[in-house]
Every structure is written in C-alpha cells, then in structure tokens.
Amino acid sequence: MRKLTYFIACSIDGFIGDPSGDGSSLYQFVDEEFLEFLKTQYPETVSTEGRKALGFHDAANQRFDTVIQGRASYQLALDVNITSPYAQLRELVASRTIEESPDPNVELVSDDVVARVRELKAEDSELGIWLCGGSQLAGELIDEIDELVIKTYPIVYGSGMPMFGSDFAPTVFALDLVRVFDNGTLVRAYSRTR
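In this text, all values refer to a predicted model and were calculated from it rather than measured experimentally.

A. Summary view of the pairing of strand E3 (residues 64-70). In terms of residue burial, E3 counts as a mostly covered element, since six of its seven residues are buried. Note that E3 and strand E6 (residues 128-133) share five bridges and pair parallel. Bridge assignment links Thr66 to a residue of E6, and that residue is Ile129. For E3 and strand E4 (residues 90-94), the ladder comprises five bridges, and the chain directions are parallel. Within E4, the position partnered with Gln69 by the bridge is Val93. Following the chain from E3 across helix H3 (residues 71-78) to the adjacent parallel E4, one finds a crossover that is right-handed.

Here's what the structure looks like:
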C-alpha cells in the first residue's frame, strides 16, 4: 500500500499562508542549505519551472510519483499561465469548479476525492503520493494521510490559512525525524499511528 504524505510548508504558528492563502513570505527561508536538502531528498516537490531555473530538471523522483492538490493551490500556477506545475509527476487536482482539464498531464477529481486517493494508494508503485495542499483538501483527506513532512519556517503569521481546514478531530502521529537548518527552519516528519 502506497503512502499519502502531506508535505507542506508553514509558519511557526501553523499557517500555510496568510488569510488569503498566500505563503510567498515563506520563500525567503529557502536558502542554499535548504535548497540542497530539497534537491537531494525531495526534488520532485520543486515545480517544473523551478527545477529548470535551478538546474536540476532531470533529477529523478525520490519519494513521490503522484501529486494531488486542491483547486486554490492549482490556481497559483494557472495565474501565471502554467497548466502543469509538476510535470515530473502524475498530477491530480481536486476541483468542483474546473470543468475540463487545461493540460493532458492533469487529472481533475470532481467528486469523492477520498475514493480516488484510496485507488491511488492501492496502486503498485515504490513511490508515494504527495498531498501538496491546500487546507480544505488536507482536512477532507485527514483519515487517508499516512505521513506528515512539515517544513516550519521561523516566521509568525498571527492568523491565516491553517494546515487543515477541518472540524476538530484529534489525530495522533508519531515523530520520526527532526532536522534543523542554520536559518532556523525545521523539517519534521511524522508517521500516522493507527
């Protein structure tokens, strides 16, 4: 069974973006040390355009072969005329408002995203599934998430978009790893306790 991993960036106080969902203020912490971590451990989580610009467009996928994201997360790419932001992966977008996929590499999931994720998890593959965002989709998929990899940047938002847009439902995960970067960024990995 493949794992669904919520690999997400957030502020110290647990927000993945400001109240409008914009998390661009977190980018200031992607320095040389952190970028090297991404390039070697999670190269597939850097956008296709970013990989080209940074010179590692041909890096092999290390952990994931599929990405699923919500409509609002995908809209960030569409706003800059990118229809396949993660072309190195099979891309799924959970959306009830986009009627037709703007790209052959992007599969739209308009209903029962939980069932579709369960199908993906049952596939035969050595690589997992990356839940890219956003908050509402993570809340909808909380029971399917097997692993959290949280990149916590040294900034406080005060308010904003939470990691999980869901009802109160305590869910326990076990800490597997903590890595501290010189700029104060933390990466924590957790496994679901079932």
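B. Focus on helix H4 (residues 113-122). Every buried residue of H4 is listed here: Val113, Val114, Arg116, Val117, Leu120 and Lys121. Seen end-on, H4 carries its buried residues on one side only, within an arc spanning 160 degrees. Of the surrounding elements, those touching the buried residues of H4 are strand E1 (4-10), E3, E4, strand E5 (106-109), E6 and helix H5 (135-140).

C. Molecular detail of the pattern of salt bridges. The tally for this structure, following the rule as stated, stands at twelve salt bridges. Arg2 serves as the salt-bridge partner of Asp65, at 2.5 Å between the closest nitrogen and oxygen. Taken together, the residues Asp65 in strand E3 and Arg2 in the segment before E1 connect sequence positions 63 residues apart. Overall, the relative accessible area of 22% leaves Asp65 in the partly exposed class. Of the charged contacts, one joins Asp146 and Lys121 as a salt bridge, the two residues approaching to 2.9 Å between their closest N and O atoms.

D. A look at unusual backbone geometry. Looking along the chain, the bond that leaves Gly133 and enters Gly134 is cis, with omega of 10 degrees. Looking at the secondary structure, you find Gly134 in the loop between E6 and H5. Non-glycine residue Asn81 carries a positive phi angle of around 60 degrees. For Asn81, the position within the fold is in the loop between H3 and E4. Positive phi is not limited to glycine here, since Asp112 has a value of about 50 degrees. Mapping Asp112 onto the fold places it in the loop between E5 and H4.

E. Representation of the sheet that holds strand E10 (residues 186-192). Ordered in space as E5-E4-E3-E6-E1-E7-E10-E9, the eight strands form an open sheet in which the pairing is mixed. Edge strands, defined here as strands with exactly one partner in the open sheet, are E5 and strand E9 (173-180). Averaged over all pairs of adjacent strands, the angle between strand axes in this sheet comes to 20 degrees, irrespective of strand direction. The strands touched by H3 are E3, E4, E5 and E6; relative to E3, the strand with the most contacts, the crossing angle is about 100 degrees.

F. Spatial organisation of the packing of aromatic side chains. Counted by the stated rule, this structure contains twelve aromatic pairs. With a centroid separation of 5.2 Å and an interplanar angle of 70 degrees, the aromatic rings of Tyr6 and Phe164 are classed as edge-to-face. Of the two residues, Tyr6 sits in strand E1 while Phe164 sits in the loop between strand E8 (161-162) and E9, which places them 158 residues apart along the sequence. A residue is classified by how much of its surface remains accessible, and Phe164, at 23% relative accessible area, is partly exposed. Taken together, a centroid distance of 5.9 Å and an interplanar angle of 15 degrees make the contact between Phe29 and Tyr153 stacked. Pair noted here: Phe29 is in the loop between strand E2 (15-17) and helix H1 (32-41) and Tyr153 is in the loop between strand E7 (147-152) and E8, with a separation of 124 residues, a long-range link. Judged on exposure class, the residue Phe29 and its partner Tyr153 are both buried. Three or more aromatic residues link up through ring pairs in this structure, and these residues are Phe7, Phe29, Phe34, Phe37, Tyr42, Phe64, Tyr86, Trp130, Tyr153 and Phe181. For Arg63, the ring lying beneath its charged end belongs to Tyr42, and the centroid distance is 4.3 Å.

What counts, and at which threshold
Residues numbered from 1 in each chain as written. Predicted model: local features only at pLDDT ≥ 70, side-chain atom pairs only at ≥ 80, totals over all residues. Heavy atoms only, no water. Buried < 20%, exposed > 50% of the residue type's maximum accessible area, 1.4 Å probe, protein only. Helix = DSSP H or I, 4+ residues; strand = E, 2+ residues; numbered from the N terminus. Pairing = 2+ DSSP bridges. Right-handed = clockwise from strand over helix to strand, strands pointing away. Arc of directions from axis to C-beta. Contact = heavy atoms within 4.5 Å. Salt bridge = Lys/Arg side-chain N within 4 Å of Asp/Glu carboxyl O. Axes fitted to C-alpha atoms, helices over the stretch in contact; angles between N-to-C directions. Phe/Tyr/Trp six-rings, centres within 6.5 Å; stacked < 30°, edge-to-face > 60°. Lys NZ or Arg CZ within 6 Å of the ring centre and 35° of its normal.

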